[in-house]
Amino acid sequence: MEALHPFSVAVVKAHGAECRYSLLVSTNLLGRLGVYARKYLARKTCAIISDTNVAPLFADRIGKSLTSAGFRPILITIPAGERSKTLKQASAICDQMIAAGLDRQSFVIGLGGGMIGDISGFVAAIYHRGIPHVQIPTTLLAMVDSSIGGKAGVDTRAGKNLIGAFHQPSLVIDDLDVLKTLPRRQFNQGFAEIIKHAIIADPKMFRTLQHWKATDAVALQHLIRRNIQIKSSIVAKDERDRTGQRALLNFGHTVGHAIERAGNYRKFLHGEAVSLGMVAACAISAKKAGLPADQRAAIVDLLGRFELPTRLLANFPRKKILDAVKFDKKFRGGKIRFVVTPRIGRAYVADNVTLDDIREAVQSL
């Protein structure tokens, strides 16, 4: 990727009834973290929470930047992978923060992908009943999705994020340089959420993605900024997921989360599972919302262009997917709130989707 001018920082402001924070998108932001932290956080002590994959790459750089700006950071590293996102691990992190003397005047930095963002946000939400949280996502997926909106949580045996809190970040730092370290598969999974945003809210971006060949940082910066705008605007209308407007962001996730669980969180990356979930959601949308066949085909084709899966292997345990769907948080009173799209650029929550519809869509994957 070509380098941006060092002062070309895209700043997106997230505004809501309960939150107001900035998201910075550029290159070489990690080296300037201390400067930005001083601007947005009038505090001294902090915990950098990262994992065994990410910490060796970036923790030293941001630690030095924070120290040079007068902060006193400690580093807490947990095992990489979704299996670390548990109450037990969150408790262990809190114990380390207590032992280090961090108090309610401290703050938390989450340095990593979606798993780290979720658990660090959860820790920030519960530590001393809530301290500030800075998100430094290190994957494209986290930059355009999980770092925005303040949802934090941990997993249980029954499903993902069933224990959690709403805790908006105080600052989000998207350093495009970190994306250079991602394997192609990890990078591409981020496009699942980007394509989702296009399907539910931006047909122009969908057309742009159909011809996407850009590899320079400026084009990627514009794309990330647009996705931040889409998600943050939807979140602002329904910060605590109560009115149903925020539920639009769950397009593809009902089946996607179930596929992740059926594969024991090892078979598919999150974005890959969401890709499959969107294929299923398109089948249901065609049946229940009138999604035209050519648009359904265009969505499946676009997912394939970014090397995202659109079919399951014949021997994948589809029954496990259906069993996992029942644990989805979007069930209310035994009924599923399922997001459908009648056309690219629009989505709504349907109340007429049945488990039989989902079963049929899953069997067709």
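Calculation rules
- Residues numbered from 1 in each chain as written.
- Predicted model: local features only at pLDDT ≥ 70, side-chain atom pairs only at ≥ 80, totals over all residues.
- Heavy atoms only, no water.
- Helix = DSSP H or I, 4+ residues; strand = E, 2+ residues; numbered from the N terminus.
- Rg over C-alpha atoms; globule rule 2.2 N^0.38 Å.
- Buried < 20%, exposed > 50% of the residue type's maximum accessible area, 1.4 Å probe, protein only.
- Contact = heavy atoms within 4.5 Å.
- Areas by Shrake-Rupley, 256 points an atom, 1.4 Å probe, with all protein chains shown as cover.
- Lys, Arg positive; Asp, Glu negative; His and termini not counted.
- Charge placed at Lys NZ, Arg CZ, Asp CG, Glu CD.
- Salt bridge = Lys/Arg side-chain N within 4 Å of Asp/Glu carboxyl O.
- Expected span 1.5 Å × (residues − 1).
- Arc of directions from axis to C-beta.
- Core = buried A, V, L, I, M, F, W, Y, C linked by side-chain atoms within 4.5 Å.
- Polar contact = N/O pair within 3.5 Å; in protein donor to acceptor, adjacent residues only side chain to side chain.
- 1 Å grid on protein atoms, 1.4 Å probe; cavity = no way out; pocket = protein on both sides within 12 Å on 5 of 7 lines; lining within 4 Å.
- Points joined across faces, edges and corners; volume = space filled by probe spheres on them.
- Nonpolar A, V, L, I, M, F, W, Y, C, P; charged D, E, K, R; others polar.
- Axes fitted to C-alpha atoms, helices over the stretch in contact; angles between N-to-C directions.
- Parallel < 35°, antiparallel > 145°, perpendicular 65-115°, else oblique.
- Left-handed = near helix turned anticlockwise from the far one by under 90°.
- Phe/Tyr/Trp six-rings, centres within 6.5 Å; stacked < 30°, edge-to-face > 60°.

Participant: In this structure, what is going on with the overall build of the chain? I would like to understand it.
Facilitator: Along its length, the chain carries 13 helices and 13 strands. Its C-alpha radius of gyration of 20 Å places the chain within 12% of the 21 Å reference for a compact globule of 365 residues. Dimensions of the chain, computed from the C-alpha atoms along their principal axes, are close to 60 × 45 × 40 Å. Taken across its 365 residues, the chain has 58% of its residues classed as buried. Here the analysis covers contacts within the chain between residues at least 6 apart in sequence; of these, 76% occur between residues at least 24 apart. By element, 50% of the accessible surface of the chain is carried by carbon and sulfur atoms, the whole surface being about 15,500 Å². Measuring between centres, the 52 positive side-chain charges of the chain sit 2 Å from its 30 negative side-chain charges.

Participant: Explain the pattern of salt bridges to me, please; I cannot follow it from the model alone.
Facilitator: Pairing between side chains becomes possible if they bear opposite charge and their charged atoms approach one another. Applying the stated criterion across every chain, the model contains 17 salt bridges. Arg-185 is the partner of Glu-272 in a salt bridge, and the nearest nitrogen-oxygen pair spans 2.6 Å. With Glu-272 in helix H10 (residues 270-288) and Arg-185 in helix H6 (residues 184-201), this residue pair connects regions lying 87 residues apart in the sequence. One salt-bridge network, in which partners are shared between bridges, spans Glu-82, Lys-85, Asp-118 and Asp-155.

Participant: Whenever I open this one, unusual backbone geometry confuses me. Can you help?
Facilitator: Leaving glycine aside, a negative phi is the common case for residues, and trans is the common case for peptide bonds. Positive phi outside glycine occurs at Tyr-265, with the angle close to 60°. Within the secondary structure, Tyr-265 is located in the loop between helix H9 (253-262) and H10. Under the relative-accessibility criterion, Tyr-265 is labelled partly exposed at 25%. Even without a glycine there, the phi angle at Glu-307 is positive, about 60°. Here Glu-307 is to be found in the loop between helix H11 (293-305) and helix H12 (318-325).

Participant: What should I look at first to understand helix H2 (residues 55-68) in this one?
Facilitator: Every α-helix carries 3.6 residues per turn, so stepping three or four residues along brings you back to the same face. End to end, H2 covers 19 Å across 14 residues, agreeing with the expected 20 Å (1.5 Å per residue, within 8%). Among the residues of H2, Ala-55, Phe-58, Ala-59, Ile-62, Gly-63, Ser-65 and Leu-66 are the ones counted as buried. On an axial view of H2, the arc spanned by its buried residues comes to 165°, and they lie on one face. Facing away from the buried side of H2, by more than 90 degrees, are the exposed residues Pro-56, Asp-60, Lys-64 and Ser-68. Structurally, H2 contributes buried residues whose contacts are with helix H1 (33-40), strand S3 (45-51), strand S4 (72-78), strand S5 (107-112) and strand S6 (133-137). Just past H2, the residue Gly-70 takes up positive phi, approximately 95°.

Participant: I keep staring at the nonpolar core and nothing clicks. Help me out?
Facilitator: Burial of nonpolar side chains together is a common tendency in soluble globular proteins. One finds Leu-209, Ile-224 and Ile-358 to be the most contacted residues of the largest nonpolar core, which totals 101 residues. The element best represented in this core is H10, accounting for 10 residues. Apart from residues no more than four positions distant in its own chain, Ile-358 is found in contact with Val-255, Ile-284, Leu-322, Val-325, Ile-336, Phe-338 and Val-353.

Participant: Mind showing me how you'd approach the side chain of His-167 here?
Facilitator: Following the sequence through the fold, His-167 ends up in the loop between strand S8 (159-166) and strand S9 (171-175). The class of His-167 is buried, set by a relative accessible area of 16%. At 2.7 Å, the side chain of His-167 and the backbone oxygen of Ile-131 are in polar contact.

Participant: Any chance you could explain the layout of surface pockets here in plain terms?
Facilitator: Unoccupied space between atoms shows up once a probe the size of one water molecule is rolled over them. What the second largest pocket holds in volume is close to 380 Å³. Taken together, 16 residues line the second largest pocket, and the ones lying closest to its centre are Phe-187, Asn-188, Trp-212, Ala-214 and Thr-215. For the lining of the second largest pocket, the class distribution of residues is eight nonpolar, two polar and six charged.

Participant: How do you make sense of the packing of H6 against helix H8 (residues 217-237) when you look at a structure like this?
Facilitator: The relative placement of two packed helices comes down to the angle between their axes together with the axis-to-axis distance. With their axes 10 Å apart at the nearest point, H6 and H8 run at an angle of 55° to one another. The orientation of H6 relative to H8 falls into the category oblique. The crossing of H6 and H8 is left-handed. When H6 is examined against H8, the residues Phe-187, Phe-191, Glu-193, Ile-194, His-197, Ile-200 and Ala-201 are found in contact with a partner set consisting of Leu-220, Leu-223, Asn-227, Ile-230, Lys-231 and Ile-234.

Participant: Sorry, what's going on with the environment of Ala-281 here?
Facilitator: With respect to the element layout, Ala-281 can be found in helix H10. Counting along the chain gives 25 residues from Ala-281 to Gly-256, while the straight-line C-alpha distance between them is 9.5 Å. Other than its neighbours up to four places away in sequence, Ala-281 contacts Phe-251, Gly-252, Phe-338 and Val-339.

Participant: Help me out: how do you make sense of the packing of aromatic side chains in this one?
Facilitator: Where two aromatic rings form a pair, the distance of their centres and the angle of their planes describe that pair. Counting across every chain of the model gives five aromatic pairs. For the pair Phe-191 and Trp-212, a centre-to-centre distance of 6.3 Å together with 55° between the ring planes defines the contact as tilted. Pair noted here: Phe-191 is in helix H6 and Trp-212 is in the loop between helix H7 (203-210) and H8, with a separation of 21 residues, a long-range link. Ring centres of Phe-191 and Phe-306 lie 4.2 Å apart, and the angle between their planes is 15°; this geometry places the pair in the stacked category. Of this pair, Phe-191 sits in helix H6 while Phe-306 sits in the loop between H11 and H12, and the two are 115 residues apart along the sequence. With respect to burial, Phe-191 and Phe-306 carry one shared label: buried. Put simply, the rings of Phe-187, Phe-191, Trp-212 and Phe-306 touch in pairs and so form one group of aromatic residues.

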